[in-house]
Amino acid sequence: CRHVQRDGLVLSLRAELKAGGHSHVKCGLVCPAGVATPWWEDAARGFAAAGAPSVDTSKFLAPRAVADACVAMLEQDASSNVESVMLDATG
């Protein structure tokens, strides 16, 4: 169900852009798994702030991998349209 809802958002936005005369504007979605950022250990504002147990982020995605996927979507050829990119860590 999440897959349909997520793709539905992108498809709905694309339809609205096209109807509004903006069919040249592309939209897509990057869906990363866990990303190894300081948020996981931030005791003031992050995951740890909720009193959650420590998380081993060694098997999470590197932030650079997510950034690279976003850049790849931005740099896609005009003849293509990537709707979504799913990123999973290999660890």
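Structure: see above.
First, a word on scope: everything that follows refers to the structure included in this document. (Residues numbered from 1 in each chain as written. Predicted model: local features only at pLDDT ≥ 70, side-chain atom pairs only at ≥ 80, totals over all residues. Heavy atoms only, no water.)

A short note on the pairing of strand β2 (residues 84-87)
No. 1: Here β2 shows one buried face, formed by Val85 and Leu87, and one open face, formed by Ser84 and Met86.
No. 2: Pairing of strand β1 (residues 29-32) with β2 involves 4 bridges; the strand directions are parallel. Following the sheet pairing, cysteine 31 is matched in β2 by methionine 86.
No. 3: Chirality of the crossover, the property in question, places the unit of β1, helix α2 (residues 63-74) and β2 among those that are left-handed. (Buried < 20%, exposed > 50% of the residue type's maximum accessible area, 1.4 Å probe, protein only. Helix = DSSP H or I, 4+ residues; strand = E, 2+ residues; numbered from the N terminus. Pairing = 2+ DSSP bridges. Right-handed = clockwise from strand over helix to strand, strands pointing away.)

A look at the nonpolar core
No. 1: In terms of nonpolar packing, the biggest core is built from 7 residues, these being Val35, Leu61, Val66, Ala69, Met73, Val85 and Leu87.
No. 2: Only α2 and β2 provide two or more residues apiece to this core.
No. 3: Look past the residues within four positions of valine 35 in its chain and what remains in contact with it is Trp40, Phe60, Leu61, Ala62, Pro63 and Val66. (Core = buried A, V, L, I, M, F, W, Y, C linked by side-chain atoms within 4.5 Å. Contact = heavy atoms within 4.5 Å.)

Things to note about the packing of aromatic side chains
No. 1: On inspection of all chains with the given rule, the structure shows 4 aromatic pairs.
No. 2: Ring pairing ties together the aromatic residues Trp39, Trp40, Phe47 and Phe60, which thus form one cluster. (Phe/Tyr/Trp six-rings, centres within 6.5 Å; stacked < 30°, edge-to-face > 60°.)

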